[in-house]
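# A structural walkthrough
Each chain is listed here by its residues.
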Amino acid sequence: METKVIKIDRNNIKKEEFAEAGEILRNGGLVAFPTETVYGLGGDGLNPNASKKIYAAKGRPSDNPLIIHIADADDIRKLAVNIPETAWKLAEKFWPGPMTMILNKADIVPKETTGGLDTVAIRLPSDEIARNLIRESRCFIAAPSANSSGRPSPTKAEHVIEDLSGKIDMIIDGGSCDIGLESSIIDLSGEKPLILRPGFITREDFDAVTAGVEYDRAVIAKTPEKNVVAKAPGMKYRHYAPKGNITIVEGEPRNVAEYINRCVSESESKGVRTAVICSDENRDRYKCENVYDLGSRKHELDITSHLFDVLRQLDSDEISVIFAESFDELRLSQAIMNRLRKAAGYNTIRV
Ligand code: AMP
Ligand code: MG
């Protein structure tokens, strides 16, 4: 299949630009598009065949559910039943935006979209390209991240092209994603609200709207908790891991740099391609041929929006051994460290 790539200037959006993409979606085809979090791979969420195509294009296990994207908060009434009051409060506060809610699904949502579950994940993105696409398609768009299963989520159209070119009908190139980490997921289908995936909206943010929000244990675990049953099927799958081996090094910046430099020098002396992932603040501390600077800790969106791009670059630069700083003091530390820990296979050392 030939994948058509179209560019849309987000500062000058015209409705007509979505006509072809809308038709593809209505006909059961697939269109990748930008959102404020990461690029999504969209298909008609109420069409089981479209959902099956999404799983096939990504190589995703079919029990890992998809998120349905809507353009109007009231549409949760069509997709979900037994909607708690909390859902409306959270929607009012955080939509449009990087929050996904899990609710009990309505009958019209096929199990092909929910990975066989009786619950449905719903999000109303703030990205104007995404919202125009949803409106013009007149579909509820099921869209997981537009990467091949297991690779870092895409934050630029180039990443989507790398993974999915030839496998989907269209890619809408809208530039880089602002946040660069997937949405915060909050499960409202159980007794108390549970965060299944940390993101730009933190527990403290949720707590300010509704008390008693907790993290699912698997989300904040520093080691893979084998005896904890993952609440969301997707949580059990390997994620983001580059081909190289990442070690996260925690501790005082000076000690961390000293330790990493020692390891780097040993590794480089054996001719192994070695890299460091760090922030602006510590950039100059490292003696390594390949230093990937995510940005300043004072601009957390720089760190989040560069992380997946750097994880991909490590592969294209054929790096085998990687040392990463920890980001545990930031507002978004749960979201960042959750991804970094998975990328590192939970390989962490404290110095
Ligand atoms: P992605 O679309 O790749 O960013 O990830 C979608 C993720 O949303 C899945 O891997 C699940 O972790 C989560 N998710 C989607 N639907 C549900 C659901 N019904 N219940 C729990 N988690 C869900
Ligand atoms: Mg994903």
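Residues numbered from 1 in each chain as written. Chains lettered and ligands numbered in written order. Predicted model: local features only at pLDDT ≥ 70, side-chain atom pairs only at ≥ 80, totals over all residues. Heavy atoms only, no water.

## Notes on the pattern of salt bridges
This structure, assessed with the given rule, holds 20 salt bridges. With a shortest N-O distance of 2.9 Å, E325 and R297 are connected by a salt bridge. In this pair, E325 is assigned in strand β16 (residues 321–325) and R297 in the loop between β15 (290–293) and α10 (300–316), connecting sequence segments 28 residues apart. Assessed through its relative accessible area of 3%, E325 is described here as buried. A relative accessible area of 15% means that R297 is categorised as buried. Because the salt bridges share partners, they merge into one network encompassing R151, E162, D163, R312 and D315. (Salt bridge = Lys/Arg side-chain N within 4 Å of Asp/Glu carboxyl O. Helix = DSSP H or I, 4+ residues; strand = E, 2+ residues; numbered from the N terminus. Buried < 20%, exposed > 50% of the residue type's maximum accessible area, 1.4 Å probe, protein only.)

## Let's talk about the pairing of strand β7 (residues 119–123)
By the criterion of burial, β7 is predominantly enclosed, with five of the five residues buried. The sheet contact formed by strand β4 (residues 67–69) and β7 spans three bridges and is parallel. When the bridges of β7 are listed, H69 appears paired with R123. Note: strand β6 (residues 99–105) against β7, five bridges, orientation antiparallel. Pairing of T100 across the sheet is with R123, part of β7. (Pairing = 2+ DSSP bridges.)

## A closer look at the site of ligand 1
R60, N64, T119, P144 and R197 are the nearest of the 19 residues found near ligand 1. Here an oxygen atom of ligand 1 sits 2.6 Å away from a polar atom, N or O, in the side chain of N64. Take R197: an N or O atom from its side chain is 2.9 Å from an oxygen atom of ligand 1. Its free accessible area being 500 Å², ligand 1 has 93% of it covered by the protein chains. Those elements that provide at least two residues to the shell around ligand 1 are β7 and β11 (194–197). At three residues, the largest contribution of residues to the shell around ligand 1 is made by β7. Looking at side-chain class alone, the shell around ligand 1 contains 12 nonpolar, four polar and three charged residues. (Near = heavy atom within 4 Å. Polar contact = N/O pair within 3.5 Å; in protein donor to acceptor, adjacent residues only side chain to side chain. Areas by Shrake-Rupley, 256 points an atom, 1.4 Å probe, with all protein chains shown as cover. Nonpolar A, V, L, I, M, F, W, Y, C, P; charged D, E, K, R; others polar.)

## A short note on the sheet that holds strand β13 (residues 245–250)
Spatial strand order, β15-β14-β16-β13-β17: five strands in an open sheet with parallel pairing. Of all strands in the sheet, those with a lone pairing partner are β15 and β17 (348–350), marking the two edges. Taken over all neighbouring pairs, the strand axes of this sheet differ in orientation by 25 degrees on average, direction set aside. With three bridges connecting them, β13 and β17 associate as parallel partners. (Axes fitted to C-alpha atoms, helices over the stretch in contact; angles between N-to-C directions.)

## Some remarks on the packing of helix α1 (residues 19–26) against helix α5 (residues 128–137)
The geometry of a pair of packed helices is captured by two quantities: the angle between their axes and the separation between those axes. In contact at an axis separation of 8 Å, α1 and α5 are set at 60 degrees when each is read in the N-to-C sense. In terms of their interaxial angle, α1 and α5 are classed as oblique. For the pair α1 and α5, the sense of crossing is right-handed. Taking contact as the criterion, the partners of A21, G22, L25 and R26 in α1 are, on α5, L133, E136 and S137. (Parallel < 35°, antiparallel > 145°, perpendicular 65-115°, else oblique. Left-handed = near helix turned anticlockwise from the far one by under 90°. Contact = heavy atoms within 4.5 Å.)

## Some thoughts on the side chain of S296
Relative to the helices and strands, S296 is located in the loop between β15 and α10. On the accessibility criterion, S296 (8% relative accessible area) is buried. Excluding anything up to four places from it in sequence, S296 contacts D280, E281, D302 and I303.

## Structural notes on the packing of α10 against helix α11 (residues 333–343)
At a minimum axis separation of 11 Å, α10 and α11 run at an interaxial angle of 10 degrees. It follows that α10 is roughly parallel to α11 by the angle criterion. α11 is crossed by α10, and the crossing has left-handed handedness. Contact residues: α10 offers I303, T304, L307, F308 and L311, while α11 offers I336, R339, L340 and A343. Of the residues in the contact of α10 with α11, the class split is seven nonpolar, one polar and one charged.

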